[in-house]
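Commentary on secondary and tertiary structure
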Amino acid sequence: MRKNGRGLEEIRPLKFQLDYLKYPDGSVLVEMGDTKVLCTVTQEERVPSFLQTKGKGWITSEYSMLPGAGEPRIQRDVQKGRVSGRSFEIQRMIGRVLRAVTNLTIIPDRTIWVDCDVLQADGGTRSLALNGAFLALNLAMIRYLKEGLILKWPIKEFMGAVSVALIGGEIYLDPDYDEDKEAQVDLNISMTESGHLLDVQAFAETSPYSLSVFNEMLEVGFEGIERIIDEEKKALKESFLCLPEDLKELLPEGYII
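Our subject in this report is the structure included herewith. Please read these numbers as outputs of a predicted model, since none were measured by experiment. (Residues numbered from 1 in each chain as written. Predicted model: local features only at pLDDT ≥ 70, side-chain atom pairs only at ≥ 80, totals over all residues. Heavy atoms only, no water.)

Further remarks concern the overall build of the protein. Secondary structure assignment for the protein yields 6 helices and 9 strands. Taken over the C-alpha trace, the protein has a radius of gyration of 18 Å; the compact-globule value for 257 residues is 18 Å, and the two agree within 12%. Principal-axis analysis of the C-alpha atoms places the extent of the protein at approximately 55 × 45 × 30 Å. Here the protein holds 257 residues, and 50% of them are scored as buried. The centroid of the 30 positive side-chain charges in the protein is displaced by 6 Å from the centroid of its 41 negative side-chain charges. (Helix = DSSP H or I, 4+ residues; strand = E, 2+ residues; numbered from the N terminus. Rg over C-alpha atoms; globule rule 2.2 N^0.38 Å. Buried < 20%, exposed > 50% of the residue type's maximum accessible area, 1.4 Å probe, protein only. Lys, Arg positive; Asp, Glu negative; His and termini not counted. Charge placed at Lys NZ, Arg CZ, Asp CG, Glu CD.)

The next subject is the side chain of T192. Along the chain, the position of T192 falls in strand β8 (residues 185-192). In terms of polar contacts, T192 uses its side chain to reach the side chain of E157, at 3.5 Å. Residues contacting T192, with those up to four places away along its chain left out, are V101, E157, F158, M159, L198 and I229. (Polar contact = N/O pair within 3.5 Å; in protein donor to acceptor, adjacent residues only side chain to side chain. Contact = heavy atoms within 4.5 Å.)

Here we come to the pattern of salt bridges. Tallying each qualifying case throughout the model produces 13 salt bridges. The residue E231 makes a salt bridge to K234 at a minimum N-O spacing of 3.6 Å. Of this pair, E231 and K234 both sit in helix α5 (residues 211-241), 3 residues apart, which is roughly one turn of that helix. Classification of E231 by relative accessible area gives partly exposed; the value is 30%. Here K234 falls in the exposed class, since its relative accessible area comes to 53%. (Salt bridge = Lys/Arg side-chain N within 4 Å of Asp/Glu carboxyl O.)

Let us now look at the layout of surface pockets. A volume near 620 Å³ is recorded for the largest pocket. Contributing to the lining of the largest pocket are 23 residues, with R86, G123, T125, Y177 and D180 lying nearest its centre. Those elements giving two or more residues to the lining of the largest pocket turn out to be α2 (85-100), α3 (125-147), α4 (177-180) and β8. Looking at the lining of the largest pocket residue by residue, the class counts come to 8 nonpolar, 7 polar and 8 charged. Put simply, the second largest pocket is a space of about 310 Å³. As for the second largest pocket, its lining consists of 18 residues, of which Y63, S64, M65, D77 and S87 are closest to the centre. Elements supplying a minimum of two residues to the lining of the second largest pocket: β4 (58-65), α1 (77-80), α2 and β5 (111-120). (1 Å grid on protein atoms, 1.4 Å probe; cavity = no way out; pocket = protein on both sides within 12 Å on 5 of 7 lines; lining within 4 Å. Points joined across faces, edges and corners; volume = space filled by probe spheres on them. Nonpolar A, V, L, I, M, F, W, Y, C, P; charged D, E, K, R; others polar.)

Bringing empty space enclosed by the protein into the picture now. Tallying each qualifying case throughout the model produces 2 cavities of 30 Å³ or more. Of the voids in this model, the largest cavity is the one considered here, and its volume is about 50 Å³. M93, R126, S127, L130, A161, N188, I189, S190, D199 and Q201 are the residues that line the largest cavity. For the lining of the largest cavity, the elements supplying multiple residues, two or more each, are α3, β8 and β9 (197-204). If you add up the space inside the second largest cavity, you get close to 30 Å³. Considering the residues around the second largest cavity, the lining is formed by M32, G124, S127, L128, N131, A161, V162, S163, D174 and I228. Split by residue class, the lining of the second largest cavity holds 5 nonpolar, 4 polar and 1 charged.

Further remarks concern the packing of aromatic side chains. Each aromatic ring pair is specified by the distance between its two centres and by the angle formed by the two planes. Tallied over the entire structure, the rule returns 6 aromatic pairs. Ring centres of W153 and Y255 lie 5.8 Å apart, and the angle between their planes is 70°; this geometry places the pair in the edge-to-face category. Pair noted here: W153 is in the loop between α3 and β6 (159-167) and Y255 is in the segment after α6 (245-248), with a separation of 102 residues, a long-range link. Residue classification places W153 among the buried residues on the basis of a relative accessible area of 6%. Assessed through its relative accessible area of 3%, Y255 is described here as buried. Three or more aromatic residues joined by ring pairs make a cluster, and in this case those are F134, W153, F158, F240 and Y255. Sitting over the ring of W58, R99 keeps its end group 4.0 Å from the ring centre. (Phe/Tyr/Trp six-rings, centres within 6.5 Å; stacked < 30°, edge-to-face > 60°. Lys NZ or Arg CZ within 6 Å of the ring centre and 35° of its normal.)

It is worth spelling out the sheet that holds strand β7 (residues 170-173) at this point. The 4 strands are arranged β7-β6-β8-β9 in an open sheet whose pairing can be described as antiparallel. Edge positions in the sheet fall to β7 and β9, since each of these pairs with one other strand and no more. Averaged over neighbouring strand pairs, the angle between their axes works out to 20° when direction is ignored. Relative to β9, β8 runs antiparallel, the two being bridged by 7 bridges. Bridging from a neighbouring strand, V185 pairs with A204 of β9. (Pairing = 2+ DSSP bridges. Axes fitted to C-alpha atoms, helices over the stretch in contact; angles between N-to-C directions.)

Below, the structure written as structure tokens:
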């Protein structure tokens, strides 16, 4: 049991506010405990030069933390004159994961921009950003399907992400900031509903760790992601049920709960 009474393998309360903003094609404010991330999706009718004439679309991401997201004040990347290494790593990961669960041939000659802005950081920001980005992407695809911009459903299956930490020899699922800063091992994982890995990042913070510890942390992460995917499906259920019957038939089997 943790100091705040939460179980070691218990995730923080997870909330999704869909269609949070007026102008993006899809937007979600996602909260997990005291961490809050705003995710939006927009599109443009062009692709990177290496994809021109290939008949495929592209998904890319930008990630940032607002100055007031943590203590002390976080300097904006624009003031540094470059994207921070951490932001670059996370936005690259978000783009790669979303491309892996999307059939890009269904969105040809379009670039889907996914923007993730951390409003408040209390641990797990990259995982939460990816979960919010996935929901915002679904909302955008629902809109494109209704408008006839796409003729098939491009997202292959649900996915989720979570962080796991080894602290004092015990495994903590979804650690907050105070817990995470004490971690001996820090792991971030994303996987599909069918149990296939999308991304794994595991770092030893103080000393090397064994393969058995790594596998235990993965198992705890898998169970946490299953719960997160359940919450994602509940959040999107009404949006999918509002689709006309002929469009619902385009969704993968089991996509609507």
